[in-house]
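# Summary of structural features
Here are the chains, one letter per residue:
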Amino acid sequence: MEDEVDRLVAAWRVERPDLDVTPLQVLSRVSRLARHLDRARRAVFLAHDLESWEFDVLTALRRAGTPYRLNPGQLLKATLVTSGTMTNRIDRLAAAGLVERHPDPQDKRGVQVALTEIGRERVDAALTDLIERERDLLAALGEVDRRHLADLLRTMLIPFDQE
């Protein structure tokens, strides 16, 4: 079997025989898969009237467990955005009724962002559909191959997660 990356690598080997293009065999496939995954995720989120950034914030709150509250700093760490961006996102989610702000009992000057019941229902439904879609995307791999691929990708990602 040959895929688009095989053709791309073959063309570069002809055009640039001086370069070792073997990294393209892995990373071009990762890049192409990321684009397909992004499309699939956007379709799921659209079906639930969510943007990907909304899903990121809502799932961070949902993963926090009952009472589904985090302070903005914790949300920043979970979603990897700037504080100005997070403030804007919280404002927009609050206006949509998906989150609420509450005084932080640990810090009288701070706030906690809480998932509303509507927000929890929406993110739970979207997550259920997303997991089903992503399971479909992995259907070509057996369980052992999926675990092996997950282990290899973890090895590659750990240095980035430690930055």
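Residues numbered from 1 in each chain as written. Predicted model: local features only at pLDDT ≥ 70, side-chain atom pairs only at ≥ 80, totals over all residues. Heavy atoms only, no water.

As named in an unreviewed UniProt entry, the protein is MarR family transcriptional regulator TamR, taken from Actinocorallia libanotica.

Turning next to the overall build of the protein. Scanning the protein for helices and strands turns up seven helices and three strands. When the helices and strands of the protein are read in sequence order from the N terminus, they spell out α-α-α-β-α-α-β-β-α-α. C-alpha extents for the protein along the principal axes are approximately 65 × 30 × 30 Å. By the burial criterion, 24% of the 163 residues in the protein qualify as buried. Within the protein, contacts between residues separated by at least 24 positions form 46% of all contacts whose residues are at least 6 apart in sequence. Of note, the protein has its 25 positive side-chain charges centred 3 Å away from the centre of its 28 negative side-chain charges. (Helix = DSSP H or I, 4+ residues; strand = E, 2+ residues; numbered from the N terminus. Buried < 20%, exposed > 50% of the residue type's maximum accessible area, 1.4 Å probe, protein only. Contact = heavy atoms within 4.5 Å. Lys, Arg positive; Asp, Glu negative; His and termini not counted. Charge placed at Lys NZ, Arg CZ, Asp CG, Glu CD.)

Moving on, we come to the packing of helix α2 (residues 22-47) against helix α6 (residues 117-137). At their nearest, the axes of α2 and α6 sit 9 Å apart, and the two run at 150° to each other. Regarding the angle of α2 to α6, the classification is roughly antiparallel. Crossing of α2 over α6 shows right-handed handedness. The residues of α6 that touch α2, namely those facing L37, A40, R41, V44 and F45, are A126, D129, L130, R133, E134 and L137. Grouping the amino acids of the contact of α2 with α6 by side-chain chemistry returns seven nonpolar, no polar and four charged. (Axes fitted to C-alpha atoms, helices over the stretch in contact; angles between N-to-C directions. Parallel < 35°, antiparallel > 145°, perpendicular 65-115°, else oblique. Left-handed = near helix turned anticlockwise from the far one by under 90°. Nonpolar A, V, L, I, M, F, W, Y, C, P; charged D, E, K, R; others polar.)

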